Amino acid sequence: MSAAGTKTFAAVDLGASSGRVMAGRVGPDTLHLTEAHRFANRPVRLPEGLRWDILGLYGGILDGLRAAGPVDSVGIDSWAVDYGLLDADGALLGNPVHYRDARTEGVPEQVWATVPPGDLYRATGIQYASFNTLYQLVAARKTPQLSSAARLLLIPDLIAYWLTGEQGTELTNASTTQLIDPRTGDWNHDLADRLGIDLALFAPLRRPGDPAGALLPAVQEQTGLPGPVPVTAVGSHDTASAVAAVPAGRGERFAYLCTGTWSLAGLELDAPVTTEASRAANFTNELGIDGTVRFLRNVMGLWLLQECMRTWGREDVTPLLTEAARAPALRSVVDAAAPEFLAPGDMPERIAAACRATGGPVPRSPGEIARCILDSLALAHRRAIHQAQRLADRAVDVVHIVGGGARNALLCQLTADACGLPVVAGPAEAAALGNVLVQARAHGLPGDLASARELIVRTQSSTRYEPSGDPAAWEAAARRTEGAHPLSS
């Protein structure tokens, strides 16, 4: 199975645009990640709305576990907030609704009529996002599916249930539902009662490192894995796993950017920050590994570029980034966190419309639009990191970029320039690495979170970007994009 002193762990890592199964070999001085299988995550638009192809994802996972070969454990992480509903026999009641579906339009205002936004934030510490699980459940109220449901499982927990037959709700992901009290790490029953949400729908809470069952015999047969194979709860929100893999030195003062379809920018804290100033800046307090708090803000991320490329019918990002590097810097910028960029559709036109609305130059070519996106993302990163430091009263000396965006050298350099701080980029597969390390700790690897990060520093490569350019130009550009949307500025 593994060389002496090492073990092998399968990390199922589901992103909003693709899924992958990674095999991680871990020992006291070893951390090696191999991609066993990668597969597309293509949502499907049905007459009733936008849905995840959860059966296609599960099939890809089984293929990946088969390709990974014998492993000592399996862990699962994915995006947050979305869920599947099961009937009393444990059968899935329809494909899970995609968070970009329009069903929550107008729902936050209904919730706020019962629980004002300030009360909601103090109770949960979770940022406003129209697709939070709380709003999804209110939108689904009185629907046949929810009325028939005996159990609600968040996406990673649904996959774990199909693999093991056991049900649980992992805490880091549960904290994104806007139904957890971040101070206690337990459900907020008073809030749920006020909104008529039945918390009995949720399976018992699990924490990263807890056992989550073992592969069913039928799953072992489908994957060819010799058993028994335990499934281990990890930071099942992919951001929780990614932040655990930030290669920060012990005691280092750092901010992080988990980049991919979304950019999640913030700090790792010991306690939540639920002040009115934090709420007004739309920062969230999600729970992390070892009792930490991920104090961060969501920025739309490389979704903007992904949707443009889909509209243009382009698949190779490399020539587009070359064109973007040649385009004029900071000529056209938009608020990358603006709500009009959330839904799928003609992203180039929406970016052009946003530029016209602010009286700025409208980018025309794909290279100019890509440069507008990357400059705007760097500005959004700057705003979030500057505000996080102020709101948490914590200074940082370096920004760590992990996730897919760590491969984007132009974005990393622009972020360093915008923030006026060094950027350390990598690892790109941070979520899978964090997933693997939590499994490894549960199965004998000694040490705390800082020790796990030291192993990443020793074994994974990174690239450092020093700030350059004109700070005054970034300051002027920041003023052009701030204030347009109170909940994102």
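Described below are features of the structure shown in this document. On a predicted model such as this, the values are computed, not experimentally measured, just so you know.

The rules behind these values
- Residues numbered from 1 in each chain as written.
- Predicted model: local features only at pLDDT ≥ 70, side-chain atom pairs only at ≥ 80, totals over all residues.
- Heavy atoms only, no water.
- Core = buried A, V, L, I, M, F, W, Y, C linked by side-chain atoms within 4.5 Å.
- Buried < 20%, exposed > 50% of the residue type's maximum accessible area, 1.4 Å probe, protein only.
- Helix = DSSP H or I, 4+ residues; strand = E, 2+ residues; numbered from the N terminus.
- Contact = heavy atoms within 4.5 Å.
- Polar contact = N/O pair within 3.5 Å; in protein donor to acceptor, adjacent residues only side chain to side chain.
- Arc of directions from axis to C-beta.
- 1 Å grid on protein atoms, 1.4 Å probe; cavity = no way out; pocket = protein on both sides within 12 Å on 5 of 7 lines; lining within 4 Å.
- Points joined across faces, edges and corners; volume = space filled by probe spheres on them.
- Nonpolar A, V, L, I, M, F, W, Y, C, P; charged D, E, K, R; others polar.
- Phe/Tyr/Trp six-rings, centres within 6.5 Å; stacked < 30°, edge-to-face > 60°.
- Lys NZ or Arg CZ within 6 Å of the ring centre and 35° of its normal.

### Concerning the nonpolar core
The biggest cluster of nonpolar side chains holds 111 residues, and the ones touching the most others in it are V26, L65, I159, L163, L304, F341 and I351. In terms of residues, this core owes the most to one element, helix α15 (residues 366–392), which gives 9 residues. Residue contacts for I351: discarding those within four places in its chain leaves C308, V334, F341, P363, I369, C372 and I373. Among the nonpolar cores identified, the runner-up in size contains 55 residues, and F202, A265, F283 and A425 belong to it.

### Some points on the side chain of S263
Relative to the elements of secondary structure, S263 occurs in strand β16 (residues 263–269). Within the structure, the side chain of S263 is placed 3.0 Å from the side chain of H381, a separation counted as a polar contact. Once you skip the residues sitting within four places of it in the chain, S263 turns out to touch C258, R297, N298, V299, M300, G301 and H381.

### So, helix α13 (residues 317–326)
Every buried residue of α13 is accounted for by L320, L321 and A324. Taken end-on, α13 shows its buried residues confined to a sector of 100°, consistent with a single buried face. Elements that come into contact with the buried residues of α13 comprise α12 (303–312), α15 and α16 (409–419). Two to three positions downstream of the cap, the backbone nitrogen of T318 sits 3.0 Å from a side-chain oxygen, assigning the N-cap of α13 to D316.

### Here we look at unusual backbone geometry
Trans peptide bonds make up the majority, and among non-glycine residues the majority have a negative phi. Between G227 and the following residue, P228, the backbone shows a cis peptide bond with an omega angle of -5°. With respect to the helices and strands, P228 occurs in the loop between α9 (217–223) and β14 (230–232). In this structure, the amide linkage connecting G426 to the following residue, P427, adopts the cis form with an omega of 5°. The backbone of Q178 sits at a positive phi, close to 70°, despite the residue not being glycine. Among the secondary structure elements, Q178 is positioned in the loop between α7 (171–174) and β10 (180–181). Unlike most non-glycine residues, D393 shows phi in positive territory, near 55°. Mapped onto the elements of the fold, D393 is located in the loop between α15 and β19 (398–403).

### Looking at empty space enclosed by the protein
Using the criterion set out here, one finds 3 cavities of 30 Å³ or more in the structure. Estimates place the volume of the largest cavity at around 80 Å³. Those elements that provide at least two residues to the lining of the largest cavity are α6 (155–164) and β14. What the second largest cavity holds in volume is close to 60 Å³. Surrounding the second largest cavity, A327, P328, L330, R331, S332, P363, E368, R371, C372 and D375 form its lining. The residue makeup of the lining of the second largest cavity, split by class, is 5 nonpolar, 1 polar and 4 charged.

### What about the packing of aromatic side chains?
Counted according to the given criterion, the structure contains 10 aromatic pairs. Three or more aromatic residues joined by ring pairs form one cluster here, namely W52, W79, Y99, F131 and W262. Of note, R100 hangs over the ring of W303, and the distance from its end group to the ring centre comes to 3.6 Å.

### Things to note about the side chain of T261
By the element assignment, T261 lies in the loop between β15 (254–259) and β16. For T261, a relative accessible area of 12% corresponds to the buried category. Of the polar contacts made by the side chain of T261, one reaches the side chain of Q306; its length is 3.4 Å. Beyond its immediate stretch of four places on either side in the chain, T261 contacts A16, S17, R100, M300, G301, L302, W303 and Q306.

### Some remarks on α16
Counting buried positions along α16 gives 9 out of 11 residues, so the element sits mostly inside the fold. Taken together, the buried positions of α16 are occupied by L410, L411, C412, L414, T415, A416, D417, A418 and C419. Immediately beyond the C-terminal end of α16, within one or two residues, lies G420, with a positive phi of roughly 70°.

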